[in-house]
Amino acid sequence: MPEPGMPGAGRRWLPRSTEGWLTLVILVFGGVLGLATDTFLTFANLFDLLNISAFNAIMAVGLLVVLVAGGIDISFAVAASVVQYLTAVTVMQLGGGNWAIGLVLASAFGFMLGAINASLIYYFRIISIVVTIATFNIFFGLLMFFTRGRSIYDLPDWLLDRIIVFEFETPGGDFAFLTLPVVVMMAVVVATWLFLNRSSLGRQLYAMGDNAEGARRVGINIAAMHFLAYGWLGVCAGIGGLMQAHYVQEVVPNALYGRELDVLAAVVLGGARLGGGRGTILGALLGVTLVTMTQNGLNLMGVSPYAFQMVVGLVILVAITMSNLEGLEAFIRRFRSGRARAEAGRQG
Amino acid sequence: MRAAFTRLLRGQGEILGLLVFFAVVLVFFGLTTPRFLAAGTFQSIAFQLPELGLLTLAMLLPILSGGLNLAITFTANIAGLAMAWVIQLGGGPEAGLMMVLLGTAAALAVGALAGGVMGVVVAFVGAHPILVSLAMMIFLRGLGEFLTRGGDISGFPPFIATIGHGTVFGIPLPLLILLVAALLWQVLLGRSRFGFSTYMAGSNLEATRYSGIDTRRVLVLVYVLSGVMSAVAGILMLTRFNSVRVGHGEAYLLITVLACFLGGVDPFGGFGRTAAVVLALVILQTIASGLNLMGAHQHLATALWGVFLIAVMVGRWVWQRWSWRAPG
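So, here's what we can say about the structure. Just so it is clear, the structure is predicted and the values come from calculations on it, not from any experiment.

Considering the overall build of chain B
The helix and strand inventory of chain B stands at 14 helices and four strands. Considering only C-alpha atoms, chain B reaches an extent of 70 × 60 × 35 Å along its principal axes. Here chain B holds 328 residues, and 48% of them are scored as buried. Taking the contacts inside chain B whose residues are at least 6 apart along the sequence as the reference set, 78% of them involve residues at least 24 apart.

Looking at unusual backbone geometry
Most peptide bonds take the trans configuration, and most residues that are not glycine carry a negative phi. Residues and elements named next belong to chain A. Positive phi outside glycine occurs at R125, with the angle close to 55°. Of note, R125 is situated in the loop between α4 (99–123) and α5 (128–147). Judged by C-beta crowding, with 13 C-beta atoms within 10 Å, R125 ranks as partly exposed. Unusually for a residue other than glycine, R148 sits at a positive phi of about 55°. Here R148 shows up in the loop between α5 and α6 (157–160).

A look at the environment of A:M225
Residue and element names in this part refer to chain A. Among the structural elements, M225 can be located in helix α10 (residues 222–248). Sequence-wise, M225 and A69 are 156 residues apart; in three dimensions their C-alpha atoms are separated by 7.9 Å. Setting aside its immediate chain neighbours within four residues, M225 contacts A69, Q204, L205, M208 and I220.

Considerations on the interface of chain A and chain B
Every contact between the two is made by 42 residues of chain A and, on the other side, 38 residues of chain B. Those elements that place two or more of their residues in the side of chain A that touches chain B are α5, α11 (259–269), α13 (308–322) and α14 (325–347) of chain A. Ranked by residues supplied to the side of chain A that touches chain B, first place goes to α5(A) with 13 residues. Partitioning the side of chain A that touches chain B into residue classes produces 31 nonpolar, 10 polar and one charged.

Cut-offs used in this document
- Per chain, residue numbering runs from 1 following the sequence as it is written.
- By the order in which they are written, chains take letters starting at A while ligands take numbers starting at 1.
- In keeping with the predicted nature of the model, local features appear solely for residues at pLDDT of at least 70, side-chain atom pairs appear and are counted solely at 80 or more, and the whole-chain, interface and lining totals rest on all residues.
- Numbered from the N terminus, helices here are DSSP runs of H or I no shorter than four residues, and strands are runs of E no shorter than two.
- Think of it as a crowd count around each C-beta: if 20 or more other C-beta atoms lie within 10 Å the residue is buried, if 12 or fewer it is exposed, and in between it is partly exposed, with C-beta placed from the backbone throughout.
- We call two residues in contact whenever the C-beta atoms placed from their backbones are within 7 Å.
- Three classes are used: nonpolar for Ala, Val, Leu, Ile, Met, Phe, Trp, Tyr, Cys and Pro, charged for Asp, Glu, Lys and Arg, and polar for all others, with Gly counted as polar.

Now the structure itself:
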């Protein structure tokens, strides 16, 4: 039980973790949307949300790994576009390929792009935000230069055919269905959870994120950890990119440009700390849920799509502020005491 | 005499290195691009440099304080929008000088507000500047798109074009604005209590706080000034293009970061000088104009900036190792 006078005392019914807060906000927000619109709380819409957000969720758990390791990466969404292209071109060269070849290729290309980031960050001791700002521009610039901005529609059949894993007719007569990306997302999420929470390597990653120098002195291989973290995100980006190409049935070079900010926002919303050592899979997924729900809800309520980004930005800004509540409380206390002093001065 | 010369060299190593690099760039483009070494090229550099330069100055302060401001370009856009809005209220093309001055004040106020909000969240909440400014950037971009629906705002009185295109004694007016701003930064950082506190906060925030400096006030001021400088860039963009479009100058963000690091600013904060950054800016703008004259593909140029940023960072890493090993 919290001591009286501690922050949080007397508010025992409020959630104490970021995940708890997010769940509360999502439930309240979902309830409001359910009442305000008659389409939000339908199976068809909720399943659609799952299908749409599969890509973001795959990226989010990958990015979480890098954030936990104490880094940041903003090049991954553009890297996913590069992987889409490389994979599509390679399987065509191989004469069509299949899902197994496609997934292996996408993972390999993704890992390679992640390894480029990792080696620049580790070997030359360049701060990760600077490296990934640079690789973001290199990846995107080269992709647009070599493709001349042209899209690929002529994809192999296995990639184009929609795979519906689960489907049922809702009482309203709509069809609610789950597609392959959702299954892949679940697999990636479970794999990342096992990696971060049940493997020694994952725990070493948390250690490095919390205190890199301490981790090095304990004997953790910092170089390997860098390649593991950025490589893992690269693989997630590769797989996510393939799923996105499968879902929209085309490869467009600038389709994922800017998506990194949405994903980063979602993961940070979920309580991952920039600077490393803290963050959970559940939090990242809840963050993705909240961002997706906000956009979907605004859409259903008929808000202009131009306003979406504004609201998302505001939500993140508020969330960052709320997740560091002690600092805010100190601010308010200072503000109040300052005002009290001023009033006392006026009276006295 | 010789000892004095070496001492002079040691203090100015950064600047000298940049000057040598500038010479190399000039020779390279002079040899490869026939039309490069002409008055027209340098005229255009002098007119294009200021926008980038003002944004770089806006980026410099937060980096020195150990942070980053990713919202500078959109702060500039929104400040430009505020000015455009006031001018539209005052009659658009028929608006008088008073309305334009009022619009300028509104733009600066909007810049200060955007910066101030970031500063308060960074200083009092302790949230990471990258995240705070990223959220602000997403918000401002969304706000701008919401207000303009992705279109252009134009229709200003013709006399404001003089600010963007005029010259005084043959020196472009925008360049003069940049020089004044750079001088202001130089004095602020090198000569004032606030500047000293900014460097200290960038090197070690906790130690600075324990030494009795109100680091929160310093950080808020850093972001307010960064926002105001972005707004100045936004006003200049408005006068140069005679229109405001949200997203204009977005590509400058990478180059401002690049200019700061090329100019020897420590990515973790605490060290860096305005003069070296301004010199780095001139080099970058020269390269940009040179690439443009060579007819480089727009996206290839983007990729080159990225390569260049990494090359600068790797170069600095090599330089540091070498100077550690060197005796003395």
